[in-house]
Amino acid sequence: MHRVVLQRELRSTASSKVLAWFNSFTLSRSVHSLPFATVEAERISGSQPAEVQNLVRGKWTGSTTWNTLVDPLNGEPFIQVAEVDETGIQPFVESLSKCPKHGLHNPFKSPERYLLYGDISAKAAHMLSLPKVSDFFTRLIQRVSPKSYQQAFGEVYVTQKFLENFSGDQVRFLARSFAVPGNHIGQQSHGYRWPYGPVAIITPFNFPLEIPVLQLMGALYMGNKPILKVDSKVSIVMEQMMRLLHCCGLPAEDVDFINSDGKTMNKLLMKAKPRMTLFTGSSRVAEKLAVDLKGRVKLEDAGFDWKILGPDVEEVDYVAWVCDQDAYACSGQKCSAQSILFMHENWSTSSLISKIKDLAERRKLADLTIGPVLTVTTEAMLEHKKKLLQISGSKLLFGGEPLENHSIPPVYGALKPTAIYIPLEEILKEANYELVTKEIFGPFQIITDYKKDQLPMVLDALERMHAHLTAAVVSNDPIFLQNVIGNTVNGTTYAGLRARTTGAPQNHWFGPAGDPRGAGIGTPEAIKLVWSCHREIIYDIGPVPRGWEIPPST
């Protein structure tokens, strides 16, 4: 009976918070009416800097150290982040350590929390569907990770749909168990999805809302207590989203939110020893964490993502448009961005490259269809271009020059959409392969072609790659598709004439394959894989057979 009462209290508290929010939202029609928001995206500036706080033990806190961020479009200091240093991690360590290994809820403990999170998801999804709220987050994303309005809105849309998907009873369906009959009467085995308890989530700059929300909610659905760290350059977006979730009934102590540099976060992880850490970001950091945390990690690291155009040339305009989107949307700053394009010789004689070039040259800073590169400088990208053009037979197809007439600070990159052609035979040479397949997290791609009998060479190039996130096989030839798909491993592979490399919607798995540490995102399968483990309970209640006697020793 006490569980029913507790469930009613939890859901009543959440409902009252949301009712207050909607009353507030209805009473005021201005942008100031967003009661969860502590900033206005378009007013953040040097004269009105925003502040980003930390959340620990249910309380928002500042810090003795404030990191000042500059506007990626004009270099003006505009956001102050309360960054925790190594001397300030103890409250976070203690908060995480208070969560038991069996989690905040599981199928045998506080199951009403599954329903609570279904309610929270429904209310948060509704909030994000409101035009003022979706516009607020879209423009806030644009301020810190400049991309076109449509690309930024896409993050908000996917997040909103994800939350819709896990409303109502869908959260408890994630914890669905199964039973198998035993060997005798009274014996039965049950398999359950079990939380890890204290966990950590580390996410990158390029999707400030979508990646952290989807992984955070997945962790919470399964009963874990997460500490969340988002790249400080963009953490203001998730800080505001945390405040929205609190308005939707998220218990304030269920999640800790920290701003820090990588060294401090590493020390926190080593001291708090979370049972599982989800990391999305660079391969270098991923491999270090895997060692430091003794394998208790799930990784969605970098990807040098490939696209193969098959022998059937159709819909050249459409294929060119998708290639442009895959390589240059968000200025190429997607872990799924098209890094290399293999064209069948039939496509080489088409107008494909000229059409991609024309589409790339439409992109402009004014609408952020091209913009700042936040992790690679202009000089570094130009130096990479220079090295590639020293390879025999290579040539610059388009781009390769800095953006003009801008005020992007030099700490960031500013490059026109770039494509370099390199012959397939040269790519495969030992002296060239590592250089050619180096991921440049910006508007930069390699293009090559192959003859009909050279497909095995292409497959060899793919086999030698070490990251296997996304891929595209652009063909409606079933034999060709079967051959390529059967000889590759990328975890999210699009196949068919409309295939792409980018796109991480809420309706299918997104994540790498070929690595037992690989993480997924967005689907029930991904949530269960990343945020829960299997626990088997074998019931053996008898009765003991009548007349049973102690048998001989064995």
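The coordinates are above.
Calculation notes
Residues numbered from 1 in each chain as written. Predicted model: local features only at pLDDT ≥ 70, side-chain atom pairs only at ≥ 80, totals over all residues. Heavy atoms only, no water. Helix = DSSP H or I, 4+ residues; strand = E, 2+ residues; numbered from the N terminus. Buried < 20%, exposed > 50% of the residue type's maximum accessible area, 1.4 Å probe, protein only. Contact = heavy atoms within 4.5 Å. Areas by Shrake-Rupley, 256 points an atom, 1.4 Å probe, with all protein chains shown as cover. Lys, Arg positive; Asp, Glu negative; His and termini not counted. Charge placed at Lys NZ, Arg CZ, Asp CG, Glu CD. Axes fitted to C-alpha atoms, helices over the stretch in contact; angles between N-to-C directions. Parallel < 35°, antiparallel > 145°, perpendicular 65-115°, else oblique. Left-handed = near helix turned anticlockwise from the far one by under 90°. Expected span 1.5 Å × (residues − 1). Pairing = 2+ DSSP bridges. Salt bridge = Lys/Arg side-chain N within 4 Å of Asp/Glu carboxyl O. Polar contact = N/O pair within 3.5 Å; in protein donor to acceptor, adjacent residues only side chain to side chain. Patch = residues over 30% accessible without salt bridge, like charges linked within 9 Å, V, L, I, M, F, W, Y side chains within 5 Å.

Caption draft 1: Representation of the overall build of the protein within the structure. The helix and strand tally for the protein stands at 19 helices and 20 strands. Within the span of the protein, comprising 554 residues, buried residues form 55% of the whole. Put simply, of all contacts in the protein between residues at least 6 apart along the chain, 75% involve residues at least 24 apart. A total accessible area of about 23600 Å² is found for the protein, and carbon and sulfur atoms account for 54% of it. In the protein, which carries 58 positive and 57 negative side-chain charges, the distance between the mean positions of the two groups comes to 7 Å.

Caption draft 2: Representation of the packing of helix H4 (residues 131–144) against helix H5 (residues 149–165). Direction vectors running N to C along H4 and H5 enclose 125°, while the axes themselves pass 8 Å from each other. Of the possible angle classes, the one that applies to H4 and H5 is oblique. Two packed elements cross with a definite hand, and for H4 against H5 that hand is right-handed. Listed contacts from H5 to Ser 134, Asp 135, Phe 137, Thr 138, Arg 139, Ile 141 and Gln 142 of H4 are Tyr 149, Ala 152, Phe 153, Glu 155 and Val 156.

Caption draft 3: Up close: H5. Its 17 residues place the ends of H5 24 Å apart at the C-alpha level, agreeing with the 24 Å of an ideal helix rising 1.5 Å per residue. Summarising the contacts, the buried residues of H5 are in contact with helix H3 (112–129), H4, helix H7 (210–221), helix H8 (235–247) and helix H19 (524–531).

Caption draft 4: Looking closely at the sheet that holds strand S16 (residues 418–421). With mixed pairing, seven strands are arranged side by side in an open sheet as S15-S16-S17-S14-S13-S18-S19. Of all strands in the sheet, those with a lone pairing partner are strand S15 (395–398) and strand S19 (492–495), marking the two edges. The sheet shows a mean angle of 20° between the axes of neighbouring strands, direction not considered. Sheet strands touched by helix H14 (residues 378–388): S15, S16 and strand S17 (444–450). Its angle to S17, the strand with the most contacts, is close to 20°.

Caption draft 5: Just the pattern of salt bridges, in detail. In the structure shown here, the tally under the stated rule is 27 salt bridges. As a salt-bridge pair, Lys 263 and Glu 86 come within 4.0 Å of each other at their nearest N and O atoms. One end of the pair, Lys 263, is in helix H9 (residues 262–272); the other, Glu 86, is in the loop between strand S5 (77–82) and helix H2 (90–97), and 177 residues separate them in sequence. Among the ionic pairs, Asp 231 bridges to Lys 233, the shortest N-O distance being 3.1 Å. Relative accessible area serves as the criterion here: at 19%, Asp 231 is assigned to the buried category. Among the residues examined, Lys 233 registers a relative accessible area of 22% and is labelled partly exposed.

Caption draft 6: Local environment of the side chain of His 190. By the secondary structure assignment, His 190 is in strand S7 (residues 187–194). There is a polar contact of 2.9 Å between the side chain of His 190 and the side chain of Gln 188. Leave out the neighbours within four places in its chain, and His 190 touches Phe 178, Ala 179, Arg 535, Glu 536, Ile 537 and Tyr 539.

Caption draft 7: Molecular detail of the sheet that holds strand S20 (residues 533–540). The strand order S6-S7-S20 describes an open sheet built from three strands, whose pairing is antiparallel. The open sheet is flanked by strand S6 (178–181) and S20, the only strands paired with a single partner. Averaged over all pairs of adjacent strands, the angle between strand axes in this sheet comes to 20°, irrespective of strand direction. Taken together, the eight bridges between S7 and S20 define a ladder with antiparallel strand orientation. Directly across from Gln 188, in S20, lies its bridge partner Tyr 539.

Caption draft 8: Quick look at a nonpolar patch on the surface. A cluster of nonpolar side chains, Phe 108, Tyr 539 and Ile 541, forms an exposed patch at the surface whose accessible area comes to about 320 Å². Relative to the assigned elements, Ile 541 resides in the segment after S20.

Caption draft 9: Looking closely at the environment of Ile 89. By the element assignment, Ile 89 lies in the loop between S5 and H2. In this structure Ile 89 comes out as buried when scored by relative accessible area, which is 3%. Between the alpha carbons of Ile 89 and Thr 523 there is a distance of 33 Å; along the sequence they are 434 residues apart. Residues in contact with Ile 89, not counting those within four places in the same chain, are Val 84, Thr 264, Lys 267, Leu 268 and Lys 271.

Caption draft 10: Region of interest: the pairing of S17. Most of S17 sits out of view: six of its seven residues are buried. Sheet analysis places S16 next to S17, joined by four bridges and oriented parallel. Residue Tyr 421 lies in a different strand from S17, and its bridge partner there is Ile 447.

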